[in-house]
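# Examination of the molecular architecture
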Amino acid sequence: MHNFKELKIWQKSVDFAVDVYKLTQKLPAEEKFSLVSQMRRSAVSIPSNIAEGAGKRTNRDFNSYLVNSLGSCFELETQLIISNKLEFIKEEDFVSSCTSLEEIQKMTVGLQKSLTI
């Protein structure tokens, strides 16, 4: 069992989820129940899966939750791309968000590799 609050990947992904909430406030009001909701759920899912997995008894179980967290990363990346193509978010916000998300993805893969399964 791991203390999820001490994991840098969890800390970074929580901060990123907060950033996504702020970013999605800028999207059109008509997207509130579609793209905004989906992006926020994906963003929250990333650290949530890390935290839930960290509480499991085995590294194999933890790894399964990290796989889910990565899936949420890729889902959110797709939603960011769509938002950018629709010109809902500024290019600089898009690039910054994708850069942060890519770092989270790399950290997650690194954590997976460090687990002895």
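Everything here concerns the structure above.
To start, this report covers the structure provided alongside it. None of the values given here were measured: they were computed from a predicted structure. (Residues numbered from 1 in each chain as written. Predicted model: local features only at pLDDT ≥ 70, side-chain atom pairs only at ≥ 80, totals over all residues. Heavy atoms only, no water.)

## Concerning the overall build of the protein
Using the following cut-off: For helices the rule is a DSSP run of H or I covering at least 4 residues; for strands it is a run of E covering at least 2, with both sets numbered from the N terminus onward. Each radius of gyration is computed over the set of C-alpha atoms, and the globule rule expresses the reference value as 2.2 Å times the number of residues to the power 0.38.
Across its full length, the protein carries four helices and zero strands. Each helix and strand of the protein, placed in order from N terminus to C terminus, yields the pattern α-α-α-α. Computed over its C-alpha atoms, the radius of gyration of the protein comes to 15 Å, within 12% of the 13 Å expected for a compact globule of 117 residues. Dimensions of the protein along its principal axes, counting C-alpha atoms only, are 45 × 25 × 20 Å.

## Observations concerning helix α1 (residues 8–24)
Here is the rule: To estimate how far a helix should reach, multiply one less than its number of residues by 1.5 Å. Only protein chains enter the calculation, and the probe is 1.4 Å; a residue is then buried if its accessible area is under 20% of its type maximum, exposed if over 50%, and partly exposed in between. Throughout, the arc means the angular range of directions from the helix axis out to the C-beta atoms.
For α1, spanning 17 residues, the distance from its first C-alpha to its last is 24 Å, which sits close to the expected 24 Å at 1.5 Å a residue. Burial in α1 covers these residues: Ile9, Trp10, Ser13, Phe16, Ala17, Val20, Leu23 and Thr24. Take α1 and look down its axis: the buried residues cluster within an arc of 135°, on one side only. Along α1, the residues that are exposed and aim more than 90 degrees away from the buried face are Lys8, Asp15 and Lys22.

## A short note on the packing of helix α2 (residues 35–54) against helix α3 (residues 59–85)
As a reminder, the rule being used: Comment: axis = line fitted to C-alpha atoms, over the contacting stretch for helices; angle = value between 0 and 180 degrees taken between N-to-C directions. Convention used here: angles under 35 degrees read as roughly parallel, angles over 145 as roughly antiparallel, angles from 65 to 115 as roughly perpendicular, and any remaining angle as oblique. When the near helix sits turned anticlockwise from the far one by under a right angle, the crossing is termed left-handed; a clockwise turn instead gives a right-handed crossing. Here the term charged refers only to Asp, Glu, Lys and Arg, the term nonpolar to Ala, Val, Leu, Ile, Met, Phe, Trp, Tyr, Cys and Pro, and the term polar to all other amino acids, Gly among them.
For the pair α2 and α3, the least separation of the axes is 8 Å and the interaxial angle reads 160°. The angle between α2 and α3 falls in the class roughly antiparallel. Crossing of α2 against α3: the hand is left-handed. Across the contact of α2 with α3, the residue classes break down as 13 nonpolar, 10 polar and two charged.

## Focus on the packing of aromatic side chains
Just so we agree on the cut-off: Classification of ring pairs uses Phe, Tyr and Trp, with its six-membered ring standing for Trp, and accepts pairs whose centres are within 6.5 Å; under 30 degrees between planes counts as stacked, over 60 as edge-to-face, and the remaining range as tilted.
The tally for this structure, following the rule as stated, stands at one aromatic pair. For the ring pair phenylalanine 4 and tryptophan 10, a centre distance of 5.0 Å and an interplane angle of 75° mean the geometry is edge-to-face.

## Notes on the pattern of salt bridges
The cut-off we apply is this: Here, a salt bridge means any Lys or Arg side-chain nitrogen found within 4 Å of an Asp or Glu carboxyl oxygen.
Tallied over the entire structure, the rule returns three salt bridges. Where aspartate 93 meets lysine 26, a salt bridge forms, and the shortest distance between an N and an O atom there is 3.4 Å. On the criterion of sequence distance, the pair formed by aspartate 93 in helix α4 (residues 91–114) and lysine 26 in the loop between α1 and α2 is long-range, its members being 67 residues apart. The exposure class of aspartate 93 is buried, given its relative accessible area of 18%.

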